Amino acid sequence: ISITAWMLKPMPRVLFVLPSFAIGGAETKIRNLLMSLAPFEKILLTNKAVSGLCSDLEMPVYYFDDYMSVSADILSPKNIWAYAKAIREVAKSEIPDIILGVMHSGGLFVTVAHDIFFMNAHPVITIEGNITGYFESIGRRPSRKEILILRYCFKRARGIIVPSEGVGEDLIANYGANHEKVQTIYNGIDIERVRALSEEEIPYNKACPWIVTACRLSRGKDFPTLLRAFKIVRDTIDAKLFIVGDGELSEEIRRLTLELKLNEDVVMTGFERNPFKFISKGDVFVLSSLHEGFGNVIIEAMALGVPVVCTDCPSGPREIIKNGSSGILVPIGDVQRLSDACLSILKYRDLKERLKYGGLERAEDFSFLKMSRQYSDYLMSVL
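Cut-offs applied
- Residues numbered from 1 in each chain as written.
- Predicted model: local features only at pLDDT ≥ 70, side-chain atom pairs only at ≥ 80, totals over all residues.
- Heavy atoms only, no water.
- Helix = DSSP H or I, 4+ residues; strand = E, 2+ residues; numbered from the N terminus.
- Rg over C-alpha atoms; globule rule 2.2 N^0.38 Å.
- Buried < 20%, exposed > 50% of the residue type's maximum accessible area, 1.4 Å probe, protein only.
- Contact = heavy atoms within 4.5 Å.
- Areas by Shrake-Rupley, 256 points an atom, 1.4 Å probe, with all protein chains shown as cover.
- Lys, Arg positive; Asp, Glu negative; His and termini not counted.
- Charge placed at Lys NZ, Arg CZ, Asp CG, Glu CD.
- Pairing = 2+ DSSP bridges.
- Axes fitted to C-alpha atoms, helices over the stretch in contact; angles between N-to-C directions.
- Parallel < 35°, antiparallel > 145°, perpendicular 65-115°, else oblique.
- Left-handed = near helix turned anticlockwise from the far one by under 90°.
- Nonpolar A, V, L, I, M, F, W, Y, C, P; charged D, E, K, R; others polar.
- Expected span 1.5 Å × (residues − 1).

Student: Sorry, what's going on with the overall build of the chain here?
Tutor: If you tally the helices and strands in the chain, you get 16 helices and 13 strands. Computed over the C-alpha atoms, the radius of gyration of the chain is 21 Å, within 12% of the 21 Å expected from 2.2 N^0.38 for a compact globule of 383 residues. Its C-alpha atoms put the chain at 65 × 50 × 35 Å along the principal axes. Within the chain, the proportion of its 383 residues that are buried is 57%. Sequence-distant contacts, at least 24 apart, represent 71% of the contacts inside the chain between residues at least 6 apart. For the chain, the exposed surface amounts to about 17400 Å²; the carbon and sulfur share of it is 52%. Here the chain carries 46 positive and 47 negative side-chain charges, and the mean point of each set is 4 Å from the other.

Here it is, written out as structure tokens:
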């Protein structure tokens, strides 16, 4: 092929399908990919609720809302059809080479659209969380219908990208995913951006040690364990807990805070577009999750030099944290071990310094440019 012909050859196109109503870790990861993924032209199909995610990016953006697609959680044939039809309409206009369905809902709609409408684009799925861990956290097993849907998605997808080995192992063992289709690509963060944003001031004076967490306020984050562990810390030394984020359990967390008589020492900031300005001021960062897909915020805290304490939950944290050198892992739901880990960091300067510098070094392994290169290589291999 001549140099001129090569230069004129159109770039392959990827349509990102992101059904979402809140900006969280998965959405931030997709933004990083949209900013950096090369050599592809990118198109985004998402919901208006997360339009701020891409408002400054120069690319075609479409919204499910304009196609009467209301809720990605409803698994009725009518709703699945509506989402699949929206994907078909956008694909007719943009003619992508790959359609990348984000999370299980995006994967379902993409594979259904591909099969019903005989689209030529390759369907690829990203699964961002541990599915079995999610169902365990809500106290039930997946229904037969849910299992059949997941198995269908994984069978029909051309490729499946997961953010940790643990997530991939769960899909293969429990949901029929073919190990040859599953590709692990660790999430990456924009370390320079995180550090720049962390310098913003906050309207609080610091008179004692701070423990900080930042996440969606959902059942999977196990706030009862975190609050009870913090009570032990607070009863031992003067300290405050900052909870950065919003979610469906915010009122329940406030009630438990009052029951435990912690309301004077727990600060709930609500949703913050820039959580890093709070994380960076902390003496300890804590994530008490029942399950994770990866745990981007762990790396973000490490990159800011804040020692991390995290539950050893499926999946992700144990693949990021080297226990005792770049963070501390504790058992799920163990109030005493969680409080002991936090107190040890707050009491012993040498431990705090070791975890701080170990975390800073470990964070460098997870740049978003590295993630973008691996996504690019994988998607090119699909083509």
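Student: I keep staring at the pairing of strand E6 (residues 159–162) and nothing clicks. Help me out?
Tutor: Note on strand geometry: in a regular strand, side chains alternate between the two faces of the sheet. Residues of E6 alternate between two faces, with Gly159 and Ile161 on one and Ile160 and Val162 on the opposite face, all of them buried. In the sheet, strand E5 (residues 122–126) pairs with E6 via three bridges, with the strands oriented parallel. Residue pairing for E6: Ile125 is matched across the bridge by Ile160. Relative to strand E7 (residues 182–184), E6 runs parallel, the two being bridged by three bridges.

Student: What is the right way to look at the packing of helix H9 (residues 223–236) against helix H10 (residues 250–259) in this model?
Tutor: For any two helices packed against each other, the geometry comes down to the angle between their axes and how far apart the axes lie. One can describe the packing of H9 onto H10 by two numbers: an axis separation of 10 Å at closest approach and a directional angle of 25°. Considering the angle they form, H9 stands roughly parallel to H10. Crossing of H9 against H10: the hand is right-handed. Within the contact between the two elements, H9 uses Phe223, Pro224, Leu227 and Arg228 and H10 uses Ile253, Leu256 and Thr257. Residue composition of the contact of H9 with H10, grouped by class: five nonpolar, one polar and one charged.

Student: Would you take a moment to explain H9 for this structure?
Tutor: Each turn of an α-helix holds 3.6 residues, which means side chains three or four residues apart point in the same direction. Compared with an ideal rise of 1.5 Å per residue, which puts 14 residues at 20 Å, H9 spans 20 Å between its outermost C-alpha atoms and is within 8% of the ideal. Within H9, burial applies to Phe223, Thr225, Leu226, Leu227, Ala229, Phe230, Val233 and Arg234. Close packing links the buried residues of H9 with strand E8 (210–214), strand E9 (240–244), H10, strand E10 (266–270), strand E11 (284–287) and helix H14 (335–347).

Student: Explain the sheet that holds E6 to me, please; I cannot follow it from the model alone.
Tutor: Through backbone hydrogen bonds, the strands of a sheet pair up, either in parallel or in antiparallel fashion. Pairing is parallel across the open sheet formed by seven strands, whose spatial order is E3-E2-E1-E4-E5-E6-E7. Only two strands of the sheet have a single partner each, and these edge strands are strand E3 (61–63) and E7. Ignoring strand direction, the axes of neighbouring strands in this sheet form an average angle of 20°. Bridge count for strand E4 (residues 98–102) against E5 is five bridges, and the pairing is parallel. Within E5, the residue paired with Val102 across the bridge is Thr126. Contacting strand E1 (13–18), E4, E5, E6 and E7, helix H16 (residues 368–382) runs over the sheet at an angle of about 150° to E5.

Take it as geometry only, folks, not as evidence of what the structure does.
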